[in-house]
Amino acid sequence: MGRRLLILGPPGAGKGTQAAMLCRAIGIPHVSTGVMLRDHVDRSTSLGAKAKKIMDSGALVPDDIVIAMVAERLDAADAACGFLLDGFPRTAAQAEALDDVLGDERGLEAVINLEADEDEVVQRILARGRSDDTEEAVRTRIAVYHEQTAPLIDFYLERGLLTRVDGVGDIDEILARIVAVLAS
Ligand code: AMP
């Protein structure tokens, strides 16, 4: 099973839930830029103060900030044997920076594209109640996803790394689908 993994998908597809379950199951660190940024907000760091406004609007935090955060995280000892990226990369510039950070020896082994239809996604997000889950922010996040992040599907398809997984259904069943894809 590939251990340098990335999970892609629209906001609200359940990436965070599946990523956490998968990481627990196979014992690799869960590298989520959303979690890292919310941690900065909770600790009231200067980065957190800057990021909160952007996150609450549904826009993206600038590339240089998230790229530096991920580069540092992937440098930590526990990421040497593997990792699952969740919520990064979200732009072409981030995907290119990730290639540079990983280099040829440590490149991604598999990309899961977790699919969910848009109505389902909006319902799930509005049920979650995070501070960036207002209807307007959700609309912005979905628009930003289509513009900036969805093109990464083709980027990783062309490399032969990406597999689509149906993200609708029981969470344990979805995890089993992901595990099956990674094992094949
Ligand atoms: P998430 O938890 O992945 O839904 O991320 C929540 C919010 O954090 C996003 O709406 C963005 O404002 C910000 N964020 C998370 N990851 C990134 C990223 N890779 N690039 C830019 N902004 C990000």
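Look a little higher up for the structure.
Calculation criteria
Residues numbered from 1 in each chain as written. Predicted model: local features only at pLDDT ≥ 70, side-chain atom pairs only at ≥ 80, totals over all residues. Heavy atoms only, no water. Helix = DSSP H or I, 4+ residues; strand = E, 2+ residues; numbered from the N terminus. Rg over C-alpha atoms; globule rule 2.2 N^0.38 Å. Buried < 20%, exposed > 50% of the residue type's maximum accessible area, 1.4 Å probe, protein only. Salt bridge = Lys/Arg side-chain N within 4 Å of Asp/Glu carboxyl O. Pairing = 2+ DSSP bridges. Axes fitted to C-alpha atoms, helices over the stretch in contact; angles between N-to-C directions. Phe/Tyr/Trp six-rings, centres within 6.5 Å; stacked < 30°, edge-to-face > 60°. Parallel < 35°, antiparallel > 145°, perpendicular 65-115°, else oblique. Left-handed = near helix turned anticlockwise from the far one by under 90°. Contact = heavy atoms within 4.5 Å. Nonpolar A, V, L, I, M, F, W, Y, C, P; charged D, E, K, R; others polar. Polar contact = N/O pair within 3.5 Å; in protein donor to acceptor, adjacent residues only side chain to side chain.

(A) Looking closely at the overall build of the protein chain. When you go through the protein chain residue by residue, the secondary structure sums to 9 helices and 5 strands. Taken from the N to the C terminus, the helices and strands of the protein chain come in the order β-α-β-α-α-α-β-α-β-α-α-α-β-α. A compact globule built from 184 residues would reach a C-alpha radius of gyration of about 16 Å, and the protein chain, at 16 Å, matches this within 12%. Seen through its principal axes, the protein chain has C-alpha atoms that stretch 40 × 35 × 30 Å.

(B) Structural view of the environment of Ala183. Residue position: Ala183 is located in helix α9 (residues 171-183). You can call Ala183 exposed: its relative accessible area is 58%.

(C) Layout of the pattern of salt bridges. Tallying each qualifying case throughout the model produces 13 salt bridges. Residue Arg43 pairs with Asp39 through a salt bridge whose shortest N-O separation is 3.0 Å. You can call Arg43 partly exposed: its relative accessible area is 49%. Here Arg128 ties to Asp133 by a salt bridge, and the two come within 3.2 Å at their closest N and O atoms. Each member of the salt-bridge network shares a partner with another, and the members are Arg128, Arg130, Asp132, Asp133 and Arg141.

(D) Fine view of the sheet that holds strand β2 (residues 30-32). Sheet architecture is open: 5 strands sit in the order β2-β3-β1-β4-β5, paired in parallel fashion. Pairing within the sheet leaves two strands with one partner each, and these edge strands are β2 and β5 (162-166). On average, each strand axis in the sheet is tilted by 25° relative to the strand beside it, whichever way the strands run.

(E) Spotlight on the packing of aromatic side chains. One pass over the full model with this rule turns up 1 aromatic pair. Both rings, one in Phe155 and one in Tyr156, keep their centres 4.9 Å apart while their planes meet at 85°; by these two values the pair is edge-to-face. According to the relative accessible area criterion, Tyr156 is buried, its value standing at 0%.

(F) Molecular detail of the packing of helix α6 (residues 118-128) against helix α7 (residues 135-149). Between α6 and α7, the least distance of the axes is 11 Å, while the angle of their chain directions is 135°. By the angle between their axes, α6 is oblique relative to α7. Here α6 runs over α7; the crossing is right-handed. When α6 is examined against α7, the residues Glu118, Val121, Val122, Ile125, Leu126 and Arg128 are found in contact with a partner set consisting of Glu135, Val138, Arg141, Ile142 and His146. Taken together, the residues of the contact of α6 with α7 sort by class into 6 nonpolar, 1 polar and 4 charged.

(G) Geometry of the side chain of Thr45. Counting through the fold element by element, Thr45 comes out in the loop between α2 (33-42) and α3 (46-57). Here Thr45 falls in the buried class, since its relative accessible area comes to 19%. Within the local environment of Thr45, its side chain forms a polar contact with the side chain of His40, the two groups lying 2.8 Å apart.

(H) Representation of unusual backbone geometry. With omega at 0°, the peptide bond leading from Phe88 into Pro89 counts as cis. Tracing the backbone through its elements, the reader meets Pro89 in the loop between β3 (83-86) and α5 (92-102). Backbone geometry places Ser44, a non-glycine residue, at a positive phi of 50°. By secondary structure assignment, the location of Ser44 is in the loop between α2 and α3. Overall, the relative accessible area of 61% leaves Ser44 in the exposed class.

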